[in-house]
Amino acid sequence: MENVPEIEARDLPADSDVHEEQVEKKKPIPPVIGIVVEGAGLESFVALGFMQELAKEGIQPKKILGVGWGCWIALSWALESSSNQAEWQSFKWSTWKFLGLEKSFISRITGSKASYEDFANEMKVWLPKGEFNEYALDVDCPSLSLAKGRAELQSSQQLGVYRALWNQLQIPLFNLPNPETKNIMSLSGLAAQAVAMDEYDNFSTARGSSEKIDFWIHLQSSPSDLLSGDDAWLSAAFLRAEVARESWYRTRQGRWVMKMPLYREVSVNEKRALDFSERRALLLKGRDLGRRWIEGNWYQNNLAPAFTTPDK
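Here goes a summary of the coordinates provided. The model shown is predicted, which means the values in this text are computed figures rather than measured ones.

## Looking at the sheet that holds strand S2 (residues 63-68)
The sheet built from six strands is open, its strands ordered S3-S2-S1-S7-S9-S8 with mixed pairing. The open sheet has two edge strands with one neighbour each: strand S3 (138-140) and strand S8 (247-250). Strand after strand, the sheet turns through a mean of 20 degrees between neighbouring axes, direction not considered. Taken together, the six bridges between strand S7 (residues 215-220) and strand S9 (residues 256-261) define a ladder with parallel strand orientation. Counterpart to Ile 217 in the pairing with S9 is Met 258.

Structure representation (C-alpha cells):
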C-alpha cells in the first residue's frame, strides 16, 4: 500500500520579479476518475448513494465498472450518466422471479426455475438498451475468465448487456452446476474477490475519451448477515476483515486506486431487500458515508480544490 497521494497544483511562473501575491494561483488539474462498484446483493445501493454525493461535488466518472450486483448499479448509472436517472432506473428491480430465486438473492439457482431467455426478455423492458456502446457513459461488467487455464478479469462488453448482467448475477463459482451455468466460461467478476492492481490498468481506457483513467475509486460492499443461517455455504466467498477506512494502492502504470469499504455499519437482510424502504435506507446510508468522506481532511485538501466550481 502506498502513501496517500496529493494532487499538485500547476507550477507558478518562474519569474523571480513577480511577487507571490501578484500571481493568480491556478486550481489543481482534476484527475480522470473511474469507479468500480462491487457487491453481492442489493447492498450495492449503498455504493449508488456514495456516487450521488460525488456527483454533487462535480465528480463525474469517465468509466464505471460493476461486478456482481454492482453491474446493475453501474448500468443504471451509465444508461444516461445521470445521478437522478440512475436512482430511478435502479429501483426498477422488483422481483427475484427471473433469476429463479424463491427466498433471497443468494438462494440456490436451479435451471428449472429460471432461464436466460426469460431473464433477457424482462431486461428488454427494464433496460431498453442492450448494447454497451448505446450507453451514455463507458461501462463494463468484467468477468472472471477461465478459458485460458488461468483466472483473469476480461471485458464483458462483447457479450451484450443482458448476457453480461446474467453472468454477473449467477455467481456459479459458489453454486452447484445447473443447465444454465455449467457451460459458462466466464464467471462474475465478483468471484475474483481481490482485484489485481494490473487489472485497473487493463480497463483504464474510456470510450470516447482521449484521456485515460488515472484515479480509480473502488466502492466495496459486502453483505453483513449472509455469513450465518441457511446461506452459510456462501460464507467463505465474502468473509473479510473489517476495514476502518479507505486504503490506497498504486498500479504498475502509476494509477492511484482508492478502495472504499461501504459495508461498515450496514445491515442487510436480502429477504426484505426488495422492499422500497429497505433499498431507500441503503441508498441514504451510502449518501451519509459519501458526505462524511467528502468532509474529511484528504478530500478537502486535495480533490476539493480541483473540482470546486466558482459558484460553490
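## Quick look at the nonpolar core
Ranked by internal contacts, the top residues of the largest apolar core, which has 64 residues, are Ile 64, Leu 75, Trp 93 and Trp 293. Sorting elements by how many residues they give to this core places helix H1 (residues 45-56) first, with eight residues. Residues Leu 65, Leu 144, Ile 213 and Trp 216 belong to the second largest nonpolar core, which totals twelve residues.

## Considering the pattern of salt bridges
Applying the stated rule across the entire model yields ten salt bridges. For the salt bridge of Glu 80 with Lys 129, the shortest nitrogen-to-oxygen distance reads 3.7 Å. Here Glu 80 is found in the loop between helix H2 (70-78) and helix H3 (83-90), whereas its partner Lys 129 is found in the loop between helix H4 (116-126) and S3, with 49 residues between them in sequence. Glu 80 gets classed as partly exposed once you look at its relative accessible area, which sits at 40%. Take Lys 129: its relative accessible area is 25%, and that puts it in the partly exposed class.

## Digging into the state of the cysteines
Going through the model one piece at a time under the given rule, you end up with one disulfide. With its sulfur 2.1 Å from that of its partner, Cys 71 forms a disulfide with Cys 141. Taking the torsion about the S-S bond as the criterion, the Cys 71 to Cys 141 disulfide, at about 85 degrees, is right-handed. Linking Cys 71 in helix H2 with Cys 141 in the loop between S3 and strand S4 (143-145), this pair joins segments that are 70 residues apart in sequence. Just as Cys 71 is buried, Cys 141 falls in that class too.

## Side note on the environment of Ile 29
Considering the arrangement of structural elements, one finds Ile 29 in the segment before strand S1 (33-39). Measuring from C-alpha to C-alpha, the distance between Ile 29 and Leu 303 comes to 9.4 Å, with 274 residues separating the pair along the chain.

## Description of H1
An α-helix turns once per 3.6 residues; consequently, residues spaced three or four apart project the same way. Counted at 1.5 Å a residue, the expected span for H1 with its twelve residues is 16 Å, and the 17 Å between its end C-alpha atoms agrees. Most of H1 is tucked away, with eleven of its twelve residues classed as buried. Every buried residue belonging to H1 is among Phe 45, Val 46, Ala 47, Leu 48, Gly 49, Phe 50, Met 51, Gln 52, Glu 53, Leu 54 and Ala 55, and all of these are buried.

## Let's talk about the packing of H2 against H3
Look at H2 against H3: their axes get within 7 Å of each other, and the N-to-C directions meet at 135 degrees. On the basis of their axis angle, the class for H2 and H3 is oblique. For the crossing formed where H2 meets H3, the hand is right-handed. Contact residues: Trp 72, Ile 73, Ser 76 and Trp 77 in H2; Ser 83, Ala 86, Gln 89 and Ser 90 in H3. Of the residues belonging to the contact of H2 with H3, the class tally is four nonpolar, four polar and no charged.

## Some words on unusual backbone geometry
A positive phi angle, near 55 degrees, is found at Ser 81, a position not held by glycine. Turning to its location among the elements, Ser 81 is positioned in the loop between H2 and H3.

## Quick word on the environment of Pro 261
Following the sequence through the fold, Pro 261 ends up in strand S9. Residue classification places Pro 261 among the buried residues on the basis of a relative accessible area of 1%. Taking the C-alpha atoms as reference, Pro 261 lies 8.8 Å from Ser 247; in sequence the two are 14 residues apart.

## Structural notes on the pairing of S9
Counting buried residues in S9 gives six out of six residues, a clear majority hidden from the surface. Judged from the four bridges that link them, S8 and S9 form a sheet pairing that is antiparallel. Its bridge partner lying in S9, Arg 250 is registered against Trp 256. In this antiparallel pair of consecutive strands, S8 and S9, the connection spans five residues, and Gly 254 shows a positive phi of 90 degrees.

## Thoughts on the packing of aromatic side chains
Counted under the stated rule, the structure contains 17 aromatic pairs. Ring geometry for Phe 91 against Phe 276: centres 5.0 Å apart, planes inclined by 45 degrees, an arrangement best described as tilted. Highlighted residues: Phe 91 in the loop between H3 and H4 and Phe 276 in helix H8 (residues 276-294), separated in sequence by 185 residues. Its relative accessible area of 53% is what places Phe 276 among the exposed residues. Between Phe 119 and Trp 166, the aromatic rings sit 5.2 Å apart at their centres with planes inclined by 55 degrees, giving tilted as the arrangement. Here Phe 119, found in helix H4, pairs with Trp 166, found in helix H5 (residues 161-170); they are 47 residues apart in sequence, far enough to count as distant. Here Phe 119 and Trp 166 have matching classes, each one buried. Ring-pair connections join several aromatic residues into one group, and the members of that group are Phe 50, Phe 215, Trp 248, Trp 256, Trp 293, Trp 298 and Tyr 299. Above the face of the Tyr 116 ring, Arg 163 is positioned so that its terminal group lies 3.7 Å from the ring centre. In this structure, Lys 259 packs its charged tip against the face of Tyr 249, placed 5.4 Å from the ring centre.

Reading the values: the criteria
Residues numbered from 1 in each chain as written. Predicted model: local features only at pLDDT ≥ 70, side-chain atom pairs only at ≥ 80, totals over all residues. Heavy atoms only, no water. Pairing = 2+ DSSP bridges. Helix = DSSP H or I, 4+ residues; strand = E, 2+ residues; numbered from the N terminus. Axes fitted to C-alpha atoms, helices over the stretch in contact; angles between N-to-C directions. Core = buried A, V, L, I, M, F, W, Y, C linked by side-chain atoms within 4.5 Å. Buried < 20%, exposed > 50% of the residue type's maximum accessible area, 1.4 Å probe, protein only. Salt bridge = Lys/Arg side-chain N within 4 Å of Asp/Glu carboxyl O. Disulfide = S-S within 2.5 Å. Expected span 1.5 Å × (residues − 1). Parallel < 35°, antiparallel > 145°, perpendicular 65-115°, else oblique. Left-handed = near helix turned anticlockwise from the far one by under 90°. Contact = heavy atoms within 4.5 Å. Nonpolar A, V, L, I, M, F, W, Y, C, P; charged D, E, K, R; others polar. Phe/Tyr/Trp six-rings, centres within 6.5 Å; stacked < 30°, edge-to-face > 60°. Lys NZ or Arg CZ within 6 Å of the ring centre and 35° of its normal.

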